[in-house]
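# What the coordinates show
Listed below, chain by chain, are the residues.
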Amino acid sequence: MPRDRNQISFDQFVRPKRRWPLMVAGAGAVLAIAILATGSIAYLNRHAPEPLDLTAPAALSRAGGPVANETYQWSPVAIGGGGFISGLSMDPAGKTFVVRADVFGAYIWDAKANRWHQLATAATMPQVDRVQDGIATGAYEVAVAPSRPDRIYMAIAGKVYRTDNRGANWVLASAGNPFPLVWDANSSFRFYGPHLSVDPVNPDVVLLGTPANGAWRSSNAGASWSRVASLPANVDMSPDAGVQGPGTQIWFETVGKNVTGRVFAFVSGRGMYVSADRGASFVQLASKGDAPSTIRRGGFDRHGAFFAVDEKSKAIWVYRDGGWHNLSQEKGLREGVYAAVALDPHRDRVVVTEEGGKGYVSEDSGNTWASITFSAKVGDGDPPWLKVADVPYFSTGDMMFDPVNPDRLWVAHGVGVFYADLKPGETALSWVSQARGIEELVANDITQTPGHAPLFSAWDFGIHIKHDLSAYSTRFSPDRGFIAVQQVDWSPADPNFLVTNASDTRTGCCSEDGNSVMAGYSTDGGNSWTKFATLPVPPGTKQDDPWRMSFGTIAVASDNPDNIVWEPAFNRTPFYTTDRGKTWHPVELAGAVGDKPGSFLYNWYQRKTLAADKARPGTFYLVHSGDSPNEGLVGLWRTTDGGAHWDHVYPTEIAPDTKFASKLRSVPGHAGHLFFTSAFAHSGDTGLRRSTDGGEHWSVVPNVTRVDDVAFGKAAPGASYPAIYISGQVLGEYGIWRSIDNARSWQRLVDFPAGSLDMVTVLGADPAVFGRVYAGYKGSGFVWGEPAACKPGPIKAFAPTQCSKVGS
């Protein structure tokens, strides 16, 4: 996603439109202009997409139920890519290549395995991080030591870690002083850098720049740190709480292959500083004339000139001969939101690009420039769905020349890593994806109807239907190159019928195609989708607002696919329909006041607080958190007539702190049976609740706390109740747990599935294959586990699968 969605426009995401002739019918002129957008925005309600195999994945075991010494196999669900890579780092010999991700962790390229591996896992991180949500964030920075390629430093979750074996094991280099420090790997400044820089000669010397706490230096590989007192703090760039700005950026100066020992540090809002003692102390860099007040990316060419791009002045800069030069002004280059600059270590070549991919190349150290063009394609072995990158907006976060492979450029992109080979004199960048192994989707929902392939719904890149859980997706739905799917629900009345509230997260742009909200339904198991014929206009919104009814939580009745209830985000009024979206009616909760009586404040909340009873006709449940000024609506509401009338059946909070990521789940085949978790780690009471009378009374499930989500799968042989799965703690121990006796006892299936230390946002289970369970994560896609004949043991670093023994 672009850093600021309000800076982009619809036409940047579509290919040039073909002109079609006007068609006239009868006496009245009927204007039928067909706009065919062959890029990422094309969507027609009757569009026939590539058919998918919708059959369920085959079971790994024939047992069909619990067995003695039961074992589980765990693997990532193969989707591939999906999130923004925000930074790149490689040593001069090209032996170690790492990238950082904005929403979870960092990755290292394994040339032998021909794929990326996640660096922050339960197999590689220190024991202190092997806890629930242990590393649930992106890497702020990652850097390879130039003179020791096996050593990598990673700044993540407020601390700095070090590995001396290419990520197989990490030590907490920064234990104690002064950490943890505050930064946000997914802030609007996440593409700035570098914030960690390692001395090219001495791998024990490392500098760290932070947004609010200045710069820090270690001379003993991170064992201790001291504040660089001569570098001031960055200027706050926003009136919002906290420091809104990038961290200090740091470069060791090189001239050709010579390391000078000088260090450059840019302090946002204050300018460039220079050190002559390898970063121990700094003075302001002498300069005459104008200078940039911010820098997004920069670096030295082989002659020692420092090139930089600045999105604030929308200019390309160079520091040479004792002064800054605005090359955009001096050379007549266009203003642009410049994102990246790459300096060729072998030639006098400089490549700069805007965050949408357009840019310039210079063959003579910036004296003359030529415009570049670009295209993108999927690399061999990569996820086929990454073809969505081949559009006129090529989202760019960072860029570098390969230090060993002449003419090769690498780019950090919005769906993964790409490379292009640019020969001297060429101006066309033909980007090729190399994202295999990266799993960076933000998981929103998991849905599987009996006998059908599971659906995995995510932020920005839709629904992935997976007949083969180990094969990369060929496409996603609905058929639009950029669409978030927050939830998918199904009806027992027709397992082929699905409903979604799909919406575009770029609320500042890109509604011109009429598909910024693609909420609608599928009648063929998710292969194709039809938008609702109409969208309601909630009070306080306008008909011309494309996002007036968007995001939130949605459900469909167990007996009638035409009966749907939808609570949108932004606390807007919920609505229901009994004719599949042709007409809508407001949900009326007694005592509601104002234009915002709903209970889903922010569109990014991982909140599932509306559920249809999966066994009782026309029955829906709605959790309200009592958001001001509707404190009196707090508790559980129930309708038994499809949404026309609602009763306040539980007039208080089911559990504390329900306004954030709460999950309300209805048990298939059991009328009135509900489970509820606040899924909020910082509450004083995180117990799992359940009801067996339609929400009128609730009890706490003994010994179960910190539950992220609850799912229901095929019952064990002889059992009358579905198998229950949780991500949470039983008697204080975290893991994925299973109960086959209606929550009376629990078995731990695994501690950290596939080694993930990310936060679980959603859980799902197969209704037809006993034991199969799925987990979705805040920033690392999905994993799945099921009974299989395998040899259990501790998970190994970079292992593609994990085998665990089921606990008692």
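Since we're looking at a predicted model, the values are computed, not measured.

Cut-offs applied
- Residues numbered from 1 in each chain as written.
- Predicted model: local features only at pLDDT ≥ 70, side-chain atom pairs only at ≥ 80, totals over all residues.
- Heavy atoms only, no water.
- Helix = DSSP H or I, 4+ residues; strand = E, 2+ residues; numbered from the N terminus.
- Rg over C-alpha atoms; globule rule 2.2 N^0.38 Å.
- Buried < 20%, exposed > 50% of the residue type's maximum accessible area, 1.4 Å probe, protein only.
- Contact = heavy atoms within 4.5 Å.
- Areas by Shrake-Rupley, 256 points an atom, 1.4 Å probe, with all protein chains shown as cover.
- Salt bridge = Lys/Arg side-chain N within 4 Å of Asp/Glu carboxyl O.
- Core = buried A, V, L, I, M, F, W, Y, C linked by side-chain atoms within 4.5 Å.
- Polar contact = N/O pair within 3.5 Å; in protein donor to acceptor, adjacent residues only side chain to side chain.
- Phe/Tyr/Trp six-rings, centres within 6.5 Å; stacked < 30°, edge-to-face > 60°.
- Disulfide = S-S within 2.5 Å.
- pLDDT = per-residue confidence, 0-100.
- Pairing = 2+ DSSP bridges.
- Axes fitted to C-alpha atoms, helices over the stretch in contact; angles between N-to-C directions.

### A word on the overall build of the protein
Within the protein one finds one helix and 55 strands. Its C-alpha atoms give the protein a radius of gyration of 27 Å, near enough to 28 Å, the size a compact globule of 808 residues would have. Structurally, the protein occupies a C-alpha span of about 80 × 80 × 50 Å along its principal axes. By the burial criterion, 61% of the 808 residues in the protein qualify as buried. The long-range fraction of contacts in the protein, counting pairs at least 24 apart against all pairs at least 6 apart in sequence, stands at 58%. For the protein, the accessible area works out to roughly 29000 Å², and carbon and sulfur atoms hold 51% of it.

### Topic: the pattern of salt bridges
According to the stated counting rule, one finds 34 salt bridges in the structure shown. Arg349 is the salt-bridge partner of Asp344, the closest N and O atoms lying 2.9 Å from each other. Here Asp344 and Arg349 have matching classes, each one buried. With a closest N to O distance of 2.8 Å, Asp709 and Arg665 form a salt bridge. Taken together, the residues Asp709 in strand S48 (residues 704-713) and Arg665 in strand S44 (residues 663-666) connect sequence positions 44 residues apart. Arg665 carries the same exposure label as Asp709, and that label is buried. Among the ionic contacts, a cluster of salt bridges with common partners joins Asp344, Arg347, Arg349, Asp407 and Lys423.

### Regarding the nonpolar core
Core analysis: the biggest nonpolar cluster contains 52 residues, and Leu409 and Trp431 have the highest contact counts within it. Residues within four places of Trp431 in sequence aside, it is in contact with Phe374, Ser375, Ala376, Lys377, Phe394, Met399, Leu409, Trp410, Val411, Phe418, Tyr419 and Ala420. Counting 38 residues, the second-largest nonpolar core is a separate cluster that includes Ala120, Val142, Trp170 and Val783.

### A word on the environment of Ser313
By the secondary structure assignment, Ser313 is in the loop between strand S18 (306-310) and strand S19 (315-320). Distance in space between the C-alpha atoms of Ser313 and Glu335 is 8.0 Å, their sequence separation being 22 residues. Within the local environment of Ser313, its side chain forms a polar contact with the side chain of Trp317, the two groups lying 3.1 Å apart.

### Re the packing of aromatic side chains
Counted under the stated rule, the structure contains 41 aromatic pairs. Aromatic side chains Phe179 and Trp225 sit 5.6 Å apart centroid to centroid with 80° between the ring planes, which places their arrangement in the edge-to-face category. Linking Phe179 in the loop between strand S8 (159-163) and strand S9 (196-198) with Trp225 in the loop between strand S11 (215-218) and strand S12 (226-227), this pair joins segments that are 46 residues apart in sequence. Trp225 shares its class with Phe179; the two are buried. Considering the side-chain rings of Tyr734 and Phe752, the 5.7 Å spacing of their centres and the 40° angle between planes classify their relative orientation as tilted.

### Points about the state of the cysteines
What the rule picks out here adds up to two disulfides. Residue Cys509 pairs covalently with Cys510 via a disulfide, S to S 2.1 Å. The chirality of the disulfide connecting Cys509 with Cys510 is left-handed, given an S-S dihedral of about -70°. No difference in accessibility class separates Cys509 from Cys510, as the two residues are buried. With a sulfur-sulfur separation of 2.0 Å, Cys790 is cross-linked through a disulfide to Cys803. Residues Cys790 and Cys803 are joined by a disulfide whose S-S torsion is about 75°; by sign, that bridge is right-handed.

### Comments concerning the confidence of the model for the protein
Caution applies to low-pLDDT parts of the model: their predicted coordinates are not meant to be read in detail. When pLDDT is averaged across the protein, the result is 92; 94% of the residues are at 70 or more. Contacts of residues 1-47 to residues separated by more than four positions or lying in other chains number 91 contacts, the stretch itself having pLDDT below 50.

### Quick notes on the sheet that holds strand S1 (residues 71-76)
The antiparallel open sheet is built from five strands, whose spatial order is S52-S53-S54-S1-S55. Unpaired on one side and paired on the other, strand S52 (760-765) and strand S55 (802-805) mark the two borders of the sheet. Direction aside, neighbouring strands of the sheet carry axes that sit 20° apart on average. In this sheet, strand S54 (residues 782-787) lies alongside S1 in antiparallel orientation, the contact comprising five bridges. Residue pairing for S54: Tyr72 is matched across the bridge by Pro787.

### Focus: the side chain of Ser503
Within the element layout of this structure, Ser503 appears in the loop between strand S33 (494-500) and strand S34 (520-522). For Ser503, a relative accessible area of 0% puts it in the buried group. A polar contact is formed between the side chain of Ser503 and the backbone oxygen of Asn501, at a distance of 2.9 Å. Other than its neighbours up to four places away in sequence, Ser503 contacts Ile483, Ala484, Ser516, Val517, Ser550 and Phe551.

### Details of the pairing of strand S20 (residues 323-326)
As defined by bridge partners, S19 adjoins S20 across four bridges and the pair is classed as antiparallel. By the bridge assignment, Val318 is partnered in S20 with His325.

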